[in-house]
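Now for the letters of each chain:
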Amino acid sequence: MLVDTLSSDSALPVVVTTGEPAGIGPELMLMLAAQGILPAGTVAIGDPDMLRQRAAALGLSVTVIECSPGEYPSGTHGLPVWPVALNEPATPGVLNPANADYVLATLALAVDACQKGQAAAMVTAPLHKGVIIEGGHPAFTGHTEWLRDACGVDEVVMMLATDTALHAASPSWQGSGDLRVALVTTHLPLRNVADAITFERVTRISRLLAADLQRQFGIAKPRIAVCGLNPHAGEDGHLGREELDVIIPALDALRAEGMDILGPLPADTLFTPRHLAGVDAVLAMYHDQGLAVLKYAGFGQAANITLGLPLVRTSVDHGTALDLAGKGVADPGSLNVAIALARRLAARRLSAEI
Ligand SMILES: NC(=O)c1ccc[n+]([C@@H]2O[C@H](COP(=O)([O-])OP(=O)(O)OC[C@H]3O[C@@H](n4cnc5c(N)ncnc54)[C@H](O)[C@@H]3O)[C@@H](O)[C@H]2O)c1
Ligand SMILES: N[C@H](C(=O)O)[C@H](O)COP(=O)(O)O
(Lines give C-alpha, C1' and ligand atoms only; values in the text may rest on other atoms or scores of the structure.)
(Ligands and ions follow the chains in the order given, each with its own letter.)
Protein backbone atom coordinates (compact mmCIF):
# COMPACT_ATOMS: atom_id res chain seq x y z
CA MET A 1 0.00 0.00 0.00
CA LEU A 2 1.02 3.58 -0.48
CA VAL A 3 0.27 4.71 3.05
CA ASP A 4 -1.54 3.34 6.04
CA THR A 5 -5.26 2.74 6.01
CA LEU A 6 -6.26 6.02 7.59
CA SER A 7 -9.44 7.35 6.09
CA SER A 8 -10.19 11.03 6.10
CA ASP A 9 -12.29 11.94 9.09
CA SER A 10 -11.90 15.60 8.34
CA ALA A 11 -15.14 17.51 8.10
CA LEU A 12 -13.64 19.25 5.10
CA PRO A 13 -14.30 18.12 1.54
CA VAL A 14 -11.76 16.92 -0.98
CA VAL A 15 -12.16 19.09 -4.07
CA VAL A 16 -11.67 17.73 -7.58
CA THR A 17 -11.03 20.07 -10.49
CA THR A 18 -12.73 18.55 -13.55
CA GLY A 19 -9.94 19.61 -15.91
CA GLU A 20 -10.03 20.26 -19.63
CA PRO A 21 -13.73 20.48 -20.57
CA ALA A 22 -13.14 18.84 -23.96
CA GLY A 23 -11.34 15.93 -22.32
CA ILE A 24 -12.39 12.94 -20.26
CA GLY A 25 -12.11 14.63 -16.83
CA PRO A 26 -15.75 15.72 -16.52
CA GLU A 27 -17.16 12.35 -17.51
CA LEU A 28 -14.79 10.39 -15.23
CA MET A 29 -16.09 12.38 -12.29
CA LEU A 30 -19.67 11.75 -13.40
CA MET A 31 -18.97 8.03 -13.87
CA LEU A 32 -17.65 7.70 -10.31
CA ALA A 33 -20.68 9.59 -9.01
CA ALA A 34 -23.08 7.43 -11.07
CA GLN A 35 -21.41 4.25 -9.79
CA GLY A 36 -21.96 5.50 -6.23
CA ILE A 37 -18.29 5.10 -5.35
CA LEU A 38 -17.40 8.75 -4.77
CA PRO A 39 -16.65 9.08 -1.05
CA ALA A 40 -18.94 11.44 0.86
CA GLY A 41 -17.31 14.83 1.11
CA THR A 42 -16.06 14.92 -2.47
CA VAL A 43 -16.83 18.12 -4.35
CA ALA A 44 -16.25 18.76 -8.06
CA ILE A 45 -15.12 22.13 -9.37
CA GLY A 46 -16.29 23.01 -12.86
CA ASP A 47 -19.18 24.27 -14.94
CA PRO A 48 -22.41 22.72 -13.60
CA ASP A 49 -24.31 23.06 -16.88
CA MET A 50 -21.49 21.40 -18.80
CA LEU A 51 -21.52 18.55 -16.28
CA ARG A 52 -25.31 18.19 -16.56
CA GLN A 53 -25.12 18.15 -20.36
CA ARG A 54 -22.29 15.60 -20.31
CA ALA A 55 -24.24 13.37 -17.89
CA ALA A 56 -27.34 13.56 -20.08
CA ALA A 57 -25.37 12.81 -23.25
CA LEU A 58 -23.83 9.75 -21.64
CA GLY A 59 -27.04 8.59 -20.00
CA LEU A 60 -25.51 8.85 -16.54
CA SER A 61 -28.00 9.36 -13.76
CA VAL A 62 -26.27 11.96 -11.62
CA THR A 63 -27.84 14.94 -9.91
CA VAL A 64 -25.44 17.86 -10.14
CA ILE A 65 -25.87 19.95 -6.98
CA GLU A 66 -24.54 23.47 -7.33
CA CYS A 67 -23.14 24.83 -4.04
CA SER A 68 -21.40 28.03 -3.09
CA PRO A 69 -17.63 27.62 -2.86
CA GLY A 70 -16.78 26.60 0.67
CA GLU A 71 -20.10 24.81 1.17
CA TYR A 72 -21.25 21.32 0.40
CA PRO A 73 -24.31 19.27 1.30
CA SER A 74 -23.90 16.23 3.49
CA GLY A 75 -25.79 13.00 3.06
CA THR A 76 -26.89 13.53 -0.55
CA HIS A 77 -26.33 11.11 -3.39
CA GLY A 78 -25.66 13.65 -6.12
CA LEU A 79 -22.46 15.34 -7.23
CA PRO A 80 -21.82 18.59 -5.34
CA VAL A 81 -20.18 21.18 -7.59
CA TRP A 82 -18.52 24.49 -6.84
CA PRO A 83 -19.30 26.42 -10.01
CA VAL A 84 -16.86 28.00 -12.39
CA ALA A 85 -18.43 29.12 -15.67
CA LEU A 86 -17.01 28.05 -19.00
CA ASN A 87 -15.98 30.92 -21.24
CA GLU A 88 -17.47 29.16 -24.28
CA PRO A 89 -19.48 25.93 -24.64
CA ALA A 90 -17.26 22.84 -24.75
CA THR A 91 -17.47 19.99 -27.22
CA PRO A 92 -15.88 16.66 -26.22
CA GLY A 93 -12.72 16.05 -28.22
CA VAL A 94 -12.48 19.61 -29.53
CA LEU A 95 -10.01 21.90 -27.77
CA ASN A 96 -10.85 25.58 -27.44
CA PRO A 97 -8.18 28.01 -26.17
CA ALA A 98 -11.01 30.32 -25.04
CA ASN A 99 -11.54 27.93 -22.13
CA ALA A 100 -7.91 27.98 -20.94
CA ASP A 101 -8.71 30.61 -18.31
CA TYR A 102 -11.67 28.54 -17.15
CA VAL A 103 -9.36 25.58 -16.46
CA LEU A 104 -6.91 27.77 -14.54
CA ALA A 105 -9.80 29.36 -12.61
CA THR A 106 -10.85 25.90 -11.37
CA LEU A 107 -7.30 25.32 -10.10
CA ALA A 108 -7.18 28.72 -8.43
CA LEU A 109 -10.45 28.01 -6.63
CA ALA A 110 -9.15 24.65 -5.39
CA VAL A 111 -5.89 26.17 -4.09
CA ASP A 112 -7.77 29.01 -2.45
CA ALA A 113 -10.11 26.55 -0.72
CA CYS A 114 -7.18 24.49 0.61
CA GLN A 115 -5.39 27.62 1.79
CA LYS A 116 -8.50 29.01 3.49
CA GLY A 117 -9.18 25.74 5.27
CA GLN A 118 -12.35 25.06 3.22
CA ALA A 119 -10.96 21.87 1.66
CA ALA A 120 -8.80 19.07 3.03
CA ALA A 121 -7.04 18.35 -0.26
CA MET A 122 -7.24 18.93 -3.98
CA VAL A 123 -7.35 16.38 -6.79
CA THR A 124 -6.94 17.38 -10.41
CA ALA A 125 -8.51 15.72 -13.44
CA PRO A 126 -6.36 16.15 -16.55
CA LEU A 127 -5.86 19.40 -18.34
CA HIS A 128 -4.34 19.94 -21.78
CA LYS A 129 -1.06 21.84 -21.53
CA GLY A 130 -0.98 22.85 -25.19
CA VAL A 131 -4.37 24.55 -25.16
CA ILE A 132 -3.54 26.43 -21.96
CA ILE A 133 -0.42 27.75 -23.69
CA GLU A 134 -2.43 28.66 -26.79
CA GLY A 135 -5.02 30.31 -24.56
CA GLY A 136 -2.57 32.99 -23.50
CA HIS A 137 -0.25 31.32 -20.99
CA PRO A 138 2.98 30.68 -22.90
CA ALA A 139 4.99 29.74 -19.82
CA PHE A 140 2.53 27.07 -18.66
CA THR A 141 4.08 23.59 -18.42
CA GLY A 142 1.71 21.66 -16.15
CA HIS A 143 -0.20 21.55 -12.88
CA THR A 144 2.95 20.72 -10.91
CA GLU A 145 4.85 23.84 -11.84
CA TRP A 146 1.70 26.02 -11.74
CA LEU A 147 0.98 24.82 -8.18
CA ARG A 148 4.58 25.49 -7.13
CA ASP A 149 4.13 29.11 -8.22
CA ALA A 150 0.58 29.45 -6.89
CA CYS A 151 1.72 28.21 -3.48
CA GLY A 152 4.86 30.36 -3.48
CA VAL A 153 7.35 27.55 -2.92
CA ASP A 154 10.73 27.29 -4.67
CA GLU A 155 10.66 23.63 -5.61
CA VAL A 156 8.25 20.73 -5.88
CA VAL A 157 8.68 17.12 -6.92
CA MET A 158 6.45 15.14 -9.27
CA MET A 159 5.94 11.60 -8.04
CA LEU A 160 3.64 8.97 -9.48
CA ALA A 161 2.75 5.89 -7.49
CA THR A 162 0.77 2.74 -8.10
CA ASP A 163 -1.80 1.76 -5.53
CA THR A 164 -2.41 -1.94 -5.78
CA ALA A 165 -4.28 -1.82 -2.48
CA LEU A 166 -7.24 -0.43 -4.39
CA HIS A 167 -6.81 -2.92 -7.19
CA ALA A 168 -5.77 -6.03 -5.32
CA ALA A 169 -6.99 -8.34 -8.05
CA SER A 170 -4.98 -6.68 -10.78
CA PRO A 171 -2.26 -8.87 -12.23
CA SER A 172 -0.47 -6.12 -14.11
CA TRP A 173 2.17 -5.19 -11.53
CA GLN A 174 4.14 -8.25 -10.51
CA GLY A 175 6.95 -6.43 -8.73
CA SER A 176 7.83 -6.25 -5.09
CA GLY A 177 4.92 -4.04 -4.08
CA ASP A 178 3.81 -0.59 -5.02
CA LEU A 179 6.05 1.45 -7.23
CA ARG A 180 6.81 5.12 -6.60
CA VAL A 181 8.66 7.09 -9.24
CA ALA A 182 9.79 10.69 -8.79
CA LEU A 183 11.42 12.88 -11.42
CA VAL A 184 14.47 15.14 -11.37
CA THR A 185 13.18 16.98 -14.46
CA THR A 186 9.54 17.21 -15.51
CA HIS A 187 8.09 18.95 -18.52
CA LEU A 188 10.93 20.05 -20.74
CA PRO A 189 12.12 18.97 -24.17
CA LEU A 190 14.43 15.95 -24.15
CA ARG A 191 17.08 18.10 -25.85
CA ASN A 192 17.29 20.23 -22.68
CA VAL A 193 17.29 17.44 -20.12
CA ALA A 194 21.04 16.83 -19.80
CA ASP A 195 21.72 20.50 -19.11
CA ALA A 196 19.03 20.54 -16.42
CA ILE A 197 20.67 17.68 -14.49
CA THR A 198 22.82 19.71 -12.11
CA PHE A 199 24.41 18.89 -8.74
CA GLU A 200 22.13 21.47 -7.15
CA ARG A 201 18.98 20.07 -8.76
CA VAL A 202 19.71 16.41 -8.01
CA THR A 203 20.44 17.16 -4.34
CA ARG A 204 17.46 19.50 -3.91
CA ILE A 205 14.95 17.10 -5.49
CA SER A 206 16.35 14.11 -3.57
CA ARG A 207 16.09 15.93 -0.24
CA LEU A 208 12.51 17.01 -0.97
CA LEU A 209 11.58 13.49 -2.02
CA ALA A 210 13.04 11.97 1.13
CA ALA A 211 11.42 14.61 3.34
CA ASP A 212 7.95 14.06 1.89
CA LEU A 213 8.26 10.27 1.94
CA GLN A 214 8.80 10.75 5.67
CA ARG A 215 6.24 13.51 6.21
CA GLN A 216 3.41 12.42 3.91
CA PHE A 217 3.97 8.67 3.66
CA GLY A 218 5.31 7.91 7.12
CA ILE A 219 8.48 6.17 5.91
CA ALA A 220 11.03 6.75 8.67
CA LYS A 221 14.20 6.33 6.60
CA PRO A 222 13.35 6.20 2.92
CA ARG A 223 15.57 4.21 0.60
CA ILE A 224 15.79 5.87 -2.81
CA ALA A 225 17.22 4.25 -5.92
CA VAL A 226 18.49 6.76 -8.48
CA CYS A 227 18.67 6.19 -12.23
CA GLY A 228 21.62 7.21 -14.33
CA LEU A 229 20.94 9.50 -17.26
CA ASN A 230 22.90 7.70 -19.96
CA PRO A 231 22.80 4.11 -21.20
CA HIS A 232 24.45 1.82 -18.64
CA ALA A 233 24.72 4.79 -16.30
CA GLY A 234 27.35 6.32 -18.57
CA GLU A 235 29.66 3.27 -18.92
CA ASP A 236 32.41 4.92 -16.82
CA GLY A 237 32.21 8.08 -18.89
CA HIS A 238 32.39 6.39 -22.28
CA LEU A 239 28.65 6.91 -22.92
CA GLY A 240 28.20 10.32 -21.32
CA ARG A 241 29.79 12.17 -18.41
CA GLU A 242 26.73 13.32 -16.41
CA GLU A 243 27.06 10.41 -13.99
CA LEU A 244 30.75 11.09 -13.23
CA ASP A 245 30.55 14.87 -13.24
CA VAL A 246 27.17 15.50 -11.61
CA ILE A 247 25.09 12.56 -10.37
CA ILE A 248 27.74 10.57 -8.46
CA PRO A 249 29.07 13.64 -6.61
CA ALA A 250 25.49 14.67 -5.77
CA LEU A 251 24.60 11.22 -4.42
CA ASP A 252 27.86 11.08 -2.44
CA ALA A 253 26.96 14.41 -0.84
CA LEU A 254 23.50 13.10 0.06
CA ARG A 255 24.97 9.91 1.56
CA ALA A 256 27.29 12.06 3.63
CA GLU A 257 24.16 13.74 5.01
CA GLY A 258 22.87 10.33 6.07
CA MET A 259 20.41 9.64 3.27
CA ASP A 260 19.89 6.07 2.10
CA ILE A 261 20.61 6.37 -1.60
CA LEU A 262 21.42 3.71 -4.20
CA GLY A 263 22.91 4.52 -7.55
CA PRO A 264 23.22 5.86 -10.05
CA LEU A 265 22.01 2.57 -11.47
CA PRO A 266 21.42 1.70 -15.14
CA ALA A 267 17.79 2.67 -15.68
CA ASP A 268 17.03 -0.32 -17.90
CA THR A 269 17.58 -2.82 -15.10
CA LEU A 270 16.78 -0.72 -12.05
CA PHE A 271 13.07 -1.40 -12.54
CA THR A 272 13.33 -5.14 -11.94
CA PRO A 273 11.99 -6.82 -8.81
CA ARG A 274 15.43 -7.69 -7.40
CA HIS A 275 16.69 -4.11 -7.63
CA LEU A 276 13.41 -2.66 -6.37
CA ALA A 277 13.30 -4.89 -3.28
CA GLY A 278 13.43 -2.66 -0.20
CA VAL A 279 13.37 0.52 -2.26
CA ASP A 280 10.76 3.12 -1.26
CA ALA A 281 11.02 5.27 -4.38
CA VAL A 282 12.91 5.48 -7.62
CA LEU A 283 14.27 8.84 -8.73
CA ALA A 284 14.35 9.04 -12.52
CA MET A 285 16.24 11.72 -14.40
CA TYR A 286 13.49 12.60 -16.84
CA HIS A 287 9.78 12.19 -17.55
CA ASP A 288 9.60 9.19 -19.86
CA GLN A 289 12.52 7.35 -18.21
CA GLY A 290 10.42 6.92 -15.08
CA LEU A 291 6.82 7.33 -16.13
CA ALA A 292 6.87 4.84 -19.00
CA VAL A 293 7.73 2.11 -16.50
CA LEU A 294 5.22 3.34 -13.92
CA LYS A 295 2.44 3.48 -16.49
CA TYR A 296 3.36 0.06 -17.88
CA ALA A 297 3.18 -1.31 -14.37
CA GLY A 298 -0.06 0.30 -13.34
CA PHE A 299 -1.80 2.64 -15.81
CA GLY A 300 -5.23 3.33 -14.38
CA GLN A 301 -4.16 2.18 -10.91
CA ALA A 302 -1.77 4.98 -10.10
CA ALA A 303 -1.86 8.57 -8.98
CA ASN A 304 0.36 11.60 -9.32
CA ILE A 305 1.33 13.39 -6.10
CA THR A 306 3.01 16.78 -5.90
CA LEU A 307 5.56 16.70 -3.10
CA GLY A 308 6.82 19.83 -1.38
CA LEU A 309 3.54 21.76 -1.40
CA PRO A 310 1.92 23.24 1.69
CA LEU A 311 -1.31 21.47 0.62
CA VAL A 312 -2.25 17.95 -0.48
CA ARG A 313 -2.55 17.58 -4.24
CA THR A 314 -3.00 14.36 -6.16
CA SER A 315 -3.93 13.76 -9.77
CA VAL A 316 -4.64 11.08 -12.31
CA ASP A 317 -1.95 9.09 -14.13
CA HIS A 318 -3.31 9.95 -17.58
CA GLY A 319 -4.11 12.89 -19.79
CA THR A 320 -7.15 14.34 -21.49
CA ALA A 321 -7.61 11.39 -23.90
CA LEU A 322 -9.41 13.52 -26.47
CA ASP A 323 -9.87 10.38 -28.57
CA LEU A 324 -12.16 8.94 -25.88
CA ALA A 325 -13.87 12.10 -24.62
CA GLY A 326 -17.66 12.10 -24.70
CA LYS A 327 -17.85 8.35 -25.31
CA GLY A 328 -18.13 7.17 -21.72
CA VAL A 329 -15.52 4.45 -22.23
CA ALA A 330 -12.51 5.93 -20.41
CA ASP A 331 -11.36 4.18 -17.24
CA PRO A 332 -12.08 6.18 -14.05
CA GLY A 333 -9.74 3.95 -12.01
CA SER A 334 -6.91 6.44 -11.64
CA LEU A 335 -9.26 9.25 -10.59
CA ASN A 336 -10.64 6.90 -7.96
CA VAL A 337 -7.10 6.14 -6.74
CA ALA A 338 -6.19 9.85 -6.74
CA ILE A 339 -9.24 10.76 -4.63
CA ALA A 340 -8.65 7.90 -2.17
CA LEU A 341 -4.98 8.83 -1.84
CA ALA A 342 -5.79 12.52 -1.31
CA ARG A 343 -8.15 11.56 1.50
CA ARG A 344 -5.51 9.38 3.16
CA LEU A 345 -2.78 12.00 2.85
CA ALA A 346 -5.14 14.66 4.20
CA ALA A 347 -6.05 12.44 7.14
CA ARG A 348 -2.37 11.81 7.85
CA ARG A 349 -1.68 15.55 7.81
CA LEU A 350 -4.60 16.15 10.12
CA SER A 351 -3.51 13.50 12.60
CA ALA A 352 0.13 14.57 12.51
CA GLU A 353 -0.70 18.28 12.25
CA ILE A 354 1.95 18.67 9.53
N1 LIG B 1 -2.73 15.08 -14.89
C2 LIG B 1 -2.78 15.75 -16.05
O3 LIG B 1 -3.31 16.84 -16.11
C4 LIG B 1 -2.18 15.14 -17.29
C5 LIG B 1 -1.50 13.92 -17.26
C6 LIG B 1 -0.96 13.41 -18.44
C7 LIG B 1 -1.12 14.11 -19.63
N8 LIG B 1 -1.79 15.30 -19.61
C9 LIG B 1 -2.03 16.07 -20.84
O10 LIG B 1 -3.03 15.38 -21.59
C11 LIG B 1 -2.87 15.70 -22.98
C12 LIG B 1 -2.85 14.41 -23.79
O13 LIG B 1 -1.69 13.68 -23.42
P14 LIG B 1 -1.28 12.27 -24.00
O15 LIG B 1 -1.98 12.06 -25.31
O16 LIG B 1 0.17 12.17 -23.92
O17 LIG B 1 -1.83 11.24 -22.92
P18 LIG B 1 -3.28 10.65 -22.60
O19 LIG B 1 -3.13 9.97 -21.29
O20 LIG B 1 -4.33 11.69 -22.70
O21 LIG B 1 -3.56 9.58 -23.73
C22 LIG B 1 -2.65 8.55 -24.04
C23 LIG B 1 -3.42 7.29 -24.41
O24 LIG B 1 -4.01 6.74 -23.24
C25 LIG B 1 -5.41 6.61 -23.39
N26 LIG B 1 -6.04 6.95 -22.12
C27 LIG B 1 -5.78 8.05 -21.37
N28 LIG B 1 -6.55 8.06 -20.28
C29 LIG B 1 -7.30 6.95 -20.33
C30 LIG B 1 -8.31 6.42 -19.47
N31 LIG B 1 -8.69 7.03 -18.34
N32 LIG B 1 -8.91 5.26 -19.84
C33 LIG B 1 -8.52 4.64 -20.97
N34 LIG B 1 -7.58 5.10 -21.81
C35 LIG B 1 -6.98 6.24 -21.49
C36 LIG B 1 -5.80 7.60 -24.48
O37 LIG B 1 -7.00 7.24 -25.10
C38 LIG B 1 -4.58 7.53 -25.38
O39 LIG B 1 -4.69 6.42 -26.23
C40 LIG B 1 -1.56 16.48 -23.08
O41 LIG B 1 -1.86 17.87 -23.12
C42 LIG B 1 -0.85 16.16 -21.78
O43 LIG B 1 0.04 17.16 -21.40
C44 LIG B 1 -2.32 15.82 -18.48
N1 LIG C 1 3.65 14.13 -16.18
C2 LIG C 1 2.32 13.77 -15.86
C3 LIG C 1 1.95 12.47 -16.47
O4 LIG C 1 2.53 12.10 -17.46
O5 LIG C 1 1.04 11.83 -15.97
C6 LIG C 1 1.36 14.79 -16.39
O7 LIG C 1 1.83 15.41 -17.53
C8 LIG C 1 0.72 15.67 -15.42
O9 LIG C 1 1.55 16.62 -14.93
P10 LIG C 1 0.93 17.77 -14.07
O11 LIG C 1 0.31 17.13 -12.87
O12 LIG C 1 2.10 18.59 -13.72
O13 LIG C 1 -0.05 18.50 -14.92
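Since this is a predicted model, take the numbers as computed values, not measurements.

## A few points about the pattern of salt bridges
In total, this model carries 13 salt bridges according to the counting rule given. A salt bridge links lysine 116 to aspartate 112, with the shortest nitrogen-to-oxygen separation between them at 2.8 Å. One network of salt bridges, with partners in common, ties together Glu155, Glu200, Arg201 and Arg204.

## Focus on the site of ligand 2
Around ligand 2, the surrounding shell consists of Lys129, Gly142, His143, Thr144, Met158, His187, His287, Leu291, Lys295, Asn304, Arg313 and Asp317. At 2.5 Å, a side-chain N or O of threonine 144 approaches an oxygen atom of ligand 2. For ligand 2, whose unbound accessible area comes to 350 Å², protein coverage reaches 90%. Of all the secondary-structure elements, those providing two or more residues to the shell around ligand 2 are α5 (143-151) and α11 (287-298). When residues in the shell around ligand 2 are grouped by element, the largest group, 3 residues, is from α11. A class-by-class count of the residues in the shell around ligand 2 yields 2 nonpolar, 6 polar and 4 charged.

## With respect to α11
Each turn of an α-helix holds 3.6 residues, which means side chains three or four residues apart point in the same direction. With 12 residues, α11 extends 16 Å between its outermost C-alpha atoms, agreeing within 8% with the 16 Å of an ideal straight helix rising 1.5 Å per residue. Those residues of α11 lying buried are Gln289, Gly290, Leu291, Leu294, Ala297 and Gly298. Those residues of α11 that are buried lie in contact with β6 (157-162), β7 (180-183), β8 (223-227), α9 (267-270), β10 (281-284) and β11 (302-307).

## Thoughts on the site of ligand 1
Around ligand 1 sit 17 residues in total, of which Lys129, Gly319, Ala321, Asp323 and Asp331 are the nearest. Within the contact set of ligand 1, a nitrogen atom lies 3.2 Å away from a side-chain nitrogen or oxygen of serine 315. Interatomic distance of 3.1 Å between a backbone N/O atom of threonine 320 and an oxygen atom of ligand 1. Protein coverage of the free-state accessible area of ligand 1, which is 810 Å², stands at 65%. Looking at side-chain class alone, the shell around ligand 1 contains 8 nonpolar, 6 polar and 3 charged residues.

## Regarding the environment of leucine 30
With respect to the helices, strands and loops of the structure, leucine 30 is situated in helix α1 (residues 25-34). Judged by its relative accessible area of 0%, leucine 30 is buried. Look past the residues within four positions of leucine 30 in its chain and what remains in contact with it is Leu51, Arg54, Ala55, Leu60, Val62, Val64 and Leu79.

## Quick notes on helix α3 (residues 100-115)
For α3, built from 16 residues, the straight-helix expectation of 22 Å at 1.5 Å per residue is met to within 8% by its first-to-last C-alpha distance of 23 Å. Ala100, Tyr102, Val103, Leu104, Thr106, Leu107, Leu109, Ala110, Val111, Ala113 and Cys114 are the residues of α3 that are buried.

## Looking at the domain arrangement of the protein chain
Assigned domains of the protein chain: these are domain 1 (1-153 + 311-354) and domain 2 (173-298). Taken residue by residue, the interface counts 13 residues in domain 1 and 10 residues in domain 2. Across the domain 1/domain 2 interface, buried area totals approximately 1,100 Å², and carbon plus sulfur atoms make up 48% of it. Inspection of the domain 1/domain 2 interface yields 0 salt bridges. Here domain 1 is connected to domain 2 by 5 residue pairs in polar contact (both at pLDDT 80 or more). When residues in the side of domain 1 that touches domain 2 are grouped by element, the largest group, 3 residues, is from helix α12 (residues 333-352). Residue composition of the side of domain 1 that touches domain 2, grouped by class: 6 nonpolar, 2 polar and 5 charged.

## A short note on the sheet that holds β11
Pairing is mixed in the open sheet, where 12 strands are placed in the order β3-β4-β2-β1-β5-β12-β11-β6-β7-β10-β8-β9. Looking at strand neighbours, the two that pair on one side only are β3 (64-66) and β9 (260-265), the edges of this open sheet. The sheet shows a mean angle of 30 degrees between the axes of neighbouring strands, taken without regard to direction. Relative to strand β12 (residues 313-316), strand β5 (residues 121-124) runs parallel, the two sharing 3 bridges.

Cut-offs and rules
- Residues numbered from 1 in each chain as written.
- Chains lettered and ligands numbered in written order.
- Predicted model: local features only at pLDDT ≥ 70, side-chain atom pairs only at ≥ 80, totals over all residues.
- Heavy atoms only, no water.
- Salt bridge = Lys/Arg side-chain N within 4 Å of Asp/Glu carboxyl O.
- Near = heavy atom within 4 Å.
- Polar contact = N/O pair within 3.5 Å; in protein donor to acceptor, adjacent residues only side chain to side chain.
- Areas by Shrake-Rupley, 256 points an atom, 1.4 Å probe, with all protein chains shown as cover.
- Helix = DSSP H or I, 4+ residues; strand = E, 2+ residues; numbered from the N terminus.
- Nonpolar A, V, L, I, M, F, W, Y, C, P; charged D, E, K, R; others polar.
- Expected span 1.5 Å × (residues − 1).
- Buried < 20%, exposed > 50% of the residue type's maximum accessible area, 1.4 Å probe, protein only.
- Contact = heavy atoms within 4.5 Å.
- Domains from an automatic or database assignment.
- Buried area = accessible area lost by both parts, 1.4 Å probe.
- Pairing = 2+ DSSP bridges.
- Axes fitted to C-alpha atoms, helices over the stretch in contact; angles between N-to-C directions.

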